[in-house]
Amino acid sequence: MKRIEELYNGRIHDIRLNTSYPLSPTDWIRYQTIGSLPFCEDEVLSFYLHIPFCRQLCSFCEYTRMICPSEAAQRRYLTTLQGDIDRFLENHPNIILNGFDIGGGTPTSLTEVSFSRLLDIYWNVLERTSQTDDFEPSIEGTFQTVTQEKLRKIADAGIKRLSLGIQTSDRKILTRHGRKDSDVDRMLAIMEEAKKVGIQKINLDLMYGLDGQTVDTVIKDIQLLRQLSPEQITLYELRPNMLRYAISKTKEERYQAYAMYYVALTGLGYDAKFGQNTFSSEKDDLGLSSYLRHRMLACSPYRGFGISAQSMNALGICYNKYKNYPSQSIDLSGASYESETFYRLPSIELLNKYIAISAYYGGFSLKTASNIIGTDAEKYFQQEMDFCLSEGLVTKDNDSIRITPKGFFDYGAVFSLFYLRE
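Residues numbered from 1 in each chain as written. Predicted model: local features only at pLDDT ≥ 70, side-chain atom pairs only at ≥ 80, totals over all residues. Heavy atoms only, no water.

Student: Teacher, can you tell me more about the packing of helix H4 (residues 148-156) against helix H6 (residues 184-197) here?
Tutor: Packed helix pairs are specified by the crossing angle of their axes together with the interaxial distance, meaning the distance between the axes. One way to put it is that H4 packs onto H6 with a least axis distance of 9 Å and a crossing angle of 35°. The way H4 lies across H6 gives a crossing that is right-handed. Facing H4, whose interface residues are Gln148, Leu151, Arg152 and Ala155, H6 presents Ile190, Glu193, Ala194 and Val197. (Axes fitted to C-alpha atoms, helices over the stretch in contact; angles between N-to-C directions. Helix = DSSP H or I, 4+ residues; strand = E, 2+ residues; numbered from the N terminus. Left-handed = near helix turned anticlockwise from the far one by under 90°. Contact = heavy atoms within 4.5 Å.)

Here's what the structure looks like:
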């Protein structure tokens, strides 16, 4: 117990510890293998399609993206994306999908013609696969790039969840971070139109820890959310490892901002446990697409398509071409964006990755952890659990380990005891 306490106290000021794993890409070099990640044993999995195009590039974004190119370049990208998907499905003809997310970037930044092509690709996949009963696909967008026609196409494709990024309601903060805002009337009109055409769930993304954010701007955000009344809300912390972004807010200020959002949103009827970043107006909905539910909470396999997209199964993780490349060095005219290398990971590394990602949700499942490492996770983590429980940093509820309000203040140090053991 003394050793665990020393580890914890030594980590509470380590800004690298959040939900990222590994801490450095070089940590996995010894696991790097030539070839691609095989999925021959995976019948049930999720798909993720990465569209790297945006109308503007936000300074805090850590994903591979670029200013939206010409329609000809968009067409080439989608053609290559279609080819990669076709080859995968030809080699895996009995796929059952439990999730399908289209993200980026900003998928809705595509032209109307290209956006139609994207949804044709999506629909073609559904026609060639089966889907589980809990299949709930999702697509990302922004209020600035969504149109009535795109909303109709989303609904016609059967996608019932739309995730729209706001980040903050404060125009000065958005401008400082290279992002434009939308007026409230436009937001309300888009959400009304989305419901009219049949999109059932709208998720709104916000961030805390942004440069210039204050108690007053958080209050404005909450007032905006009360007006818009989305079905789901996701809160993202601005992390110091986001492209080595300089953090201007202290840990105390970030904690205060999250706590303000949490108290206000649960007061408005949103369901969430303290420490998780997803809020839902429907109890037990979890506030996630089925892709994210299976990936974050159950460590289920998923296959990513498009530049820099990530894939994972019980053998390891791979990243498609151009991961962490500057946008000017990315070639959109290639015949494939497939990965040429993957990391063949031991089960303990897969466990570490799972716990770090699941920390977004404020906890992790002992059952899932046990399945990953093939042994009783409760016994495996006995010392860590004893310390965290005795200090009031986590709770244990049957299968679930969850962060407490006390533990959330130093959540990076808490969760790292389970995914970065010494």
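That covers the picture; the talk isn't over yet.
Student: Sorry, what's going on with the side chain of serine 370 here?
Tutor: Position of serine 370 relative to the elements: it lies in helix H11 (residues 366-373). Exposure remark for serine 370: the relative accessible area of 18% places this residue in the buried category. Dropping the residues within four chain positions of it, serine 370 is found in contact with Thr375, Asp376 and Ala377. (Buried < 20%, exposed > 50% of the residue type's maximum accessible area, 1.4 Å probe, protein only.)

Student: Sorry, what's going on with the packing of aromatic side chains here?
Tutor: Aromatic rings considered in pairs are described by the distance between their centres and by the relative angle of their planes. If you walk through the whole model with that rule in mind, you get 31 aromatic pairs. When the ring of tyrosine 208 is compared with that of tyrosine 258, the centres are 5.9 Å apart and the planes differ by 55°; the resulting orientation is tilted. You can see tyrosine 208 sitting in strand E9 (residues 201-208) and its partner tyrosine 258 sitting in helix H8 (residues 251-267), a full 50 residues away along the chain. Take tyrosine 208 and tyrosine 258: they sit in the same class, and that class is buried. Aromatic pair phenylalanine 364 and phenylalanine 381: ring centres 6.1 Å apart, planes at 70°, arrangement edge-to-face. Of this pair, phenylalanine 364 sits in strand E16 (residues 363-365) while phenylalanine 381 sits in the loop between helix H12 (377-380) and helix H13 (382-390), placing them 17 residues apart in sequence. One aromatic cluster in this structure is built from Tyr208, Tyr255, Tyr258, Tyr262, Phe274, Phe279, Phe408, Phe409 and Tyr411. (Phe/Tyr/Trp six-rings, centres within 6.5 Å; stacked < 30°, edge-to-face > 60°.)

Student: Please clarify how H8 should be interpreted in this entry.
Tutor: In an α-helix, one full turn covers 3.6 residues, which means residues spaced three or four apart are oriented alike. End to end, H8 covers 24 Å across 17 residues, agreeing with the expected 24 Å (1.5 Å per residue, within 8%). What H8 keeps buried is the set Arg254, Ala257, Tyr258, Ala259, Tyr261, Tyr262 and Leu265. Residues of H8 that are buried make contact with E9, helix H7 (215-228), strand E10 (232-237), strand E11 (278-280) and helix H14 (405-409). A positive backbone phi angle near 105° is found at glycine 269, which sits one or two residues after H8. (Expected span 1.5 Å × (residues − 1).)

Keep in mind these values describe shape, not function.
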